[in-house]
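# Examining the three-dimensional arrangement
What follows is each chain in one-letter form.
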Amino acid sequence: ITLIVATRNKGKSKEIQEYLQGFPVEIKDLNDFGPIPEVIEDGETFEENAYKKASFTAKVLGLPALADDSGLEVEALHGAPGVYSARYAGPNATDEQNNSKLLEALSGKSERKARFCCVLSLAVPTGPALTYEASCEGVILEAPRGTNGFGYDPLFYYPPMKKTFAEMTLEEKAQVSHRGKALKELKDEFDKVLKW
Ligand code: ITT
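Conventions adopted
Residues numbered from 1 in each chain as written. Predicted model: local features only at pLDDT ≥ 70, side-chain atom pairs only at ≥ 80, totals over all residues. UniProt positions renumbered as here; feature names shortened; annotations may be inferred. Helix = DSSP H or I, 4+ residues; strand = E, 2+ residues; numbered from the N terminus. Rg over C-alpha atoms; globule rule 2.2 N^0.38 Å. Buried ≥ 20, exposed ≤ 12 C-beta atoms within 10 Å, placed from the backbone. Pairing = 2+ DSSP bridges. Contact = placed C-beta atoms within 7 Å. Axes fitted to C-alpha atoms, helices over the stretch in contact; angles between N-to-C directions. Core = buried A, V, L, I, M, F, W, Y, C linked by C-beta atoms within 7 Å. Arc of directions from axis to C-beta. Near = placed C-beta within 6 Å. Nonpolar A, V, L, I, M, F, W, Y, C, P; charged D, E, K, R; others polar.

For the protein chain, the name recorded in an unreviewed UniProt entry is dITP/XTP pyrophosphatase, with Desulforhabdus amnigena as its organism. Listed in UniProt under the heading Sequence similarities (unreviewed entry), the comment for the protein chain reads: "Belongs to the HAM1 NTPase family." A UniProt comment under Subunit (unreviewed entry) is attached to the protein chain, and it reads "Homodimer."

### Comments concerning the overall build of the protein chain
When helices and strands are tallied, the protein chain shows 6 helices and 7 strands. Starting at the N terminus, the α and β elements of the protein chain follow one another as β-α-β-α-β-α-β-β-β-β-α-α-α. At 17 Å, the protein chain has a C-alpha radius of gyration in line with the 16 Å of a compact globule built from 196 residues. Projected onto the principal axes, the alpha-carbon positions of the protein chain cover approximately 50 × 30 × 25 Å. Here the protein chain holds 196 residues, and the buried ones make up 38% of them.

### Observations concerning the sheet that holds strand β4 (residues 113–123)
Spatially, β2-β1-β3-β4-β5-β6-β7 is the arrangement adopted by the 7 strands of the open sheet, whose pairing is mixed. With one partner strand each, in any of the chains shown, β2 (26–29) and β7 (163–164) form the two edges of the open sheet. As judged from the 10 bridges shared by strand β3 (residues 65–74) and β4, these two strands associate in the antiparallel manner. Bridge pairing in β4 places Leu66 opposite Leu122. Most of the contacts of helix α2 (residues 46–61) go to β3, to which it runs at about 160 degrees, and overall it touches β1 (2–5), β3, β4 and β5 (129–140). Running over the sheet, helix α5 (residues 178–188) touches β3, β4 and β5 and is turned about 150 degrees from β5.

### Looking at the pairing of β3
In terms of residue burial, β3 counts as a mostly covered element, since 10 of its 10 residues are buried. Sheet topology note: the β1/β3 ladder contains 2 bridges and is parallel. When the bridges of β3 are listed, Val5 appears paired with Leu66.

### Focus: the nonpolar core
Counting residues in hydrophobic clusters, the biggest one holds 42 residues, and the most contacted among them are Ala6, Ala50, Ala54, Ala65, Leu66, Leu120 and Phe156. If you list the elements that add at least two residues to this core, you get β1, α1 (10–19), α2, β3, β4, β5, β6 (156–158) and α5. With 8 residues, the single largest contributor to this core is β4. With sequence-adjacent residues up to four places away left out, Ala50 is seen in contact with Ala67, Asp68, Asp69, Val119, Leu120 and Ser121.

### Description of α1
All buried positions along α1 are accounted for by Lys12, Ser13, Glu15, Ile16 and Tyr19. When α1 is viewed along its axis, its buried side chains cluster within an angular range of 165 degrees and face the same direction. Buried-residue contacts for α1 involve β1, β2, β3, α4 (170–176) and α5.

### A word on the site of the ligand
As a structural note, the neighbourhood of the ligand is formed by 22 residues, with Thr7, Asn9, Ser85, Ala86 and Gly151 the closest of them. Partitioned by chemical class, the residues of the shell around the ligand number 6 nonpolar, 9 polar and 7 charged.

As structure tokens, this is what we get:
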């Protein structure tokens, strides 16, 4: 079976493909295809956006598709950037620009608790989708640390491992991250997924 990972985010795709290694599926992501119309991510929740991306991709390509909608919820910012995490500093913002904007928004604040959320949606060309979700709690540092990962990883400190996500290896991050935990749920149900 071919499974499409419905993302153009290379950091995300790498984590998902690494995690699903050993699955009896051939994995491709959207960067393996030519131009495909973009899904408009205008949902108010991670779940809505994940479902939109997965079902649209499955329909357009005629193959099962797995989408990940994720983001960072910062307590002192009342849950922002949340579903807007990818474009926090603007429509085509880079990770660096988003991280700078986050540091600015939290400057002078001592309350720095945050949570990464991930919703995975697995869709087939026709029919309903399966949903898996998980989160991971941590703290936003005052300066970046580490060079691995992507997005907000250098600012997201995970106290139990005394490291930021950007200081972890891919394997370490997968064990504790929002995405790793959601993928584990999917993996645990893979027999069901295959029959379905
Ligand atoms: P696709 O929609 O093509 O999958 P995207 O980057 O636009 O790519 P999202 O809309 O789900 O994806 O945005 C998620 C953003 O949240 C992502 O761009 C990062 O800024 C942030 N994010 C999510 N998971 C993360 C992680 O594990 N580490 C760091 N940042 C993360």
